[in-house]
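Per-entry structural report
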Amino acid sequence: MSLKQILRITLLVATPISLYFVPWTLLVAWLTPLPATVEDEVQAALKHDLDGIIVFVDRKGAAPEYYAAGWHNREAELPARPDALFKIASIGKLYDAVLIAKLVAAKLLSLDNTLTDYFPELAGRIEHAERITIRMVVQHRSGIPNFTDTPDFWINPPASSEEALARVLDMPADFEPDAAYAYSNTNYLLLSQLIERQVGYGKFQYMQEQIFLPLGLKNTFGSLEEINLEYLMSGYYVGVEEDIKTTDYGSMIASAGDVGTFLRALNDGSLLTDEEQEVYSSIYVYEHTGLIPGYQSFARYYKDIDTVVIQFVNTTNFDGYTWGLSEITFNRIGKILRKRYGT
């Protein structure tokens, strides 16, 4: 048998097998022709079995656009509302990085100091703590294990940041400091504690002074205790019947409009001084996503069309396609806007 015949037979056998592993749900969502408007795309997202979706679009010089579809509360049959509060999860890291940049610019913090310079009690409890710099912590290059990856974290979340940190103390590092990148929520838990040590009071009070008040953000909060739960969009996990919005994973809470206002100010330079902006640009990113049970969020600034897009979806399934489908919807909205504005 010739090599050509062997290859032909191999391809004939392999192709049906490979087709079995194709994520057809995602492929169909990706290949479906773009609708003409953002509103049509938001409505179409419900075909992916998402309970509810909120989208905020802010193009400079134009009136902000708000879209919502599906349920704010499925049990009560309350329709999604564009001004609803939402758990923004890791989008909150953008706010933390802003505070770090401000402290560095004010000479209240050094990115080149190590964890043990600020947390001497962590020597011997976090591997390589004496070599891990604050810059590495901000940039997820510390090698410190991620506490949300520890057993049963999402089932029995810790009651405090101290309990969360205790989950990774005395664990081996994932890698040598600055040898690799690995996203770890423990990094930002430590940064939150560092901010409070340096300013001498609560991080969210400092955030209120430095971010919320200057930007006029009236719908951004640090915890569930600060809000009326009726305004919080319900959160759902596929296969779990009840609303899980009261389960506290420590997320910041905000409206899509408030996140959009913050993201524009971060990107256009109006939030930070030139020195602070230079520090920030050297340590962190200008867009983010967030994911916790019941809540997934996307925040991006499209520089070419000077447009901010925020998307919230209140359905998750860590073992399924809900994240991929939401991400496809978010990217398709970006394409619609670029077509609208001619880029």
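Keep in mind that what you see is a predicted model, and the values were worked out from it rather than measured.

Rules behind the numbers
- Residues numbered from 1 in each chain as written.
- Predicted model: local features only at pLDDT ≥ 70, side-chain atom pairs only at ≥ 80, totals over all residues.
- Heavy atoms only, no water.
- Helix = DSSP H or I, 4+ residues; strand = E, 2+ residues; numbered from the N terminus.
- Buried < 20%, exposed > 50% of the residue type's maximum accessible area, 1.4 Å probe, protein only.
- Contact = heavy atoms within 4.5 Å.
- Areas by Shrake-Rupley, 256 points an atom, 1.4 Å probe, with all protein chains shown as cover.
- Lys, Arg positive; Asp, Glu negative; His and termini not counted.
- Charge placed at Lys NZ, Arg CZ, Asp CG, Glu CD.
- pLDDT = per-residue confidence, 0-100.
- Polar contact = N/O pair within 3.5 Å; in protein donor to acceptor, adjacent residues only side chain to side chain.
- Core = buried A, V, L, I, M, F, W, Y, C linked by side-chain atoms within 4.5 Å.
- Pairing = 2+ DSSP bridges.
- Axes fitted to C-alpha atoms, helices over the stretch in contact; angles between N-to-C directions.
- Salt bridge = Lys/Arg side-chain N within 4 Å of Asp/Glu carboxyl O.

**Some words on the overall build of the protein chain**
Secondary structure summary: the protein chain contains twelve helices and eleven strands in total. Counting all 343 residues of the protein chain, 50% fall into the buried class. Within the protein chain, contacts between residues separated by at least 24 positions form 71% of all contacts whose residues are at least 6 apart in sequence. Surface accessibility of the protein chain: about 16,300 Å² in total, with carbon and sulfur atoms responsible for 55%. Here the protein chain holds 28 positive side-chain charges and 44 negative ones, and the gap between their average locations is 9 Å.

**Some remarks on the confidence of the model for the protein chain**
The predicted model of the protein chain averages 93 in pLDDT, with 93% of residues at 70 or higher. This stretch, residues 9-14, has a pLDDT under 50; its non-local contacts, to residues over four places away or in other chains, come to one contact.

**So, the side chain of S255**
Within the secondary structure layout, S255 lies in strand β7 (residues 253-255). Judged by relative accessible area, S255 falls into the buried class, the value being 5%. Looking at S255, its side chain comes within polar contact range of the main-chain nitrogen of D258, at 3.1 Å. Sequence-distant contacts of S255, that is, excluding residues within four places in its chain, are made with D83, A84, L85, N219 and F312.

**A short note on the nonpolar core**
Residues Y95, L115, I126, I211 and F262 are the most contacted members of the largest nonpolar core, which totals 79 residues. Sorting elements by how many residues they give to this core places helix α4 (residues 92-105) first, with nine residues. Apart from the residues within four sequence positions on either side, F262 is in contact with L94, Y95, V98, I211, L215, L217 and L271. In terms of nonpolar packing, the next biggest core, distinct from the first, is built from 18 residues, A45, V57, A69 and I333 among them.

**Quick notes on the sheet that holds strand β1 (residues 52-59)**
The strand order β3-β2-β1-β10-β9-β8 describes an open sheet built from six strands, whose pairing is antiparallel. Looking along the sheet, the strands with just one partner apiece sit at the ends: β3 (78-79) and β8 (288-292). Here five bridges tie β8 to strand β9 (residues 295-302), and the two strands are oriented antiparallel to one another. Across the sheet, I292 pairs through a bridge with Y295, a residue of β9. Packing of helix α3 (residues 38-45) onto the sheet brings it into contact with β1 and β2 (65-73), and relative to β2 it is tilted by some 15°.

**A few points about the pairing of β8**
Residues H288, G290 and I292 of β8 are buried on one face, while the alternating residues T289 and L291, pointing to the opposite face, are not. Between β8 and the antiparallel strand that follows it, β9, lie two residues; G294 among them carries a positive phi value of about 95°.

**Quick look at the pattern of salt bridges**
Summed over the entire model, instances satisfying the criterion amount to 17 salt bridges. A salt bridge links R332 to E41, with the nearest nitrogen and oxygen atoms 3.0 Å apart. Within this pair, whereas R332 is found in helix α12 (residues 322-340), its partner E41 is found in helix α3, the two being separated by 291 residues in sequence. Residue R332 is classed as buried on the basis of its relative accessible area, which comes to 7%.

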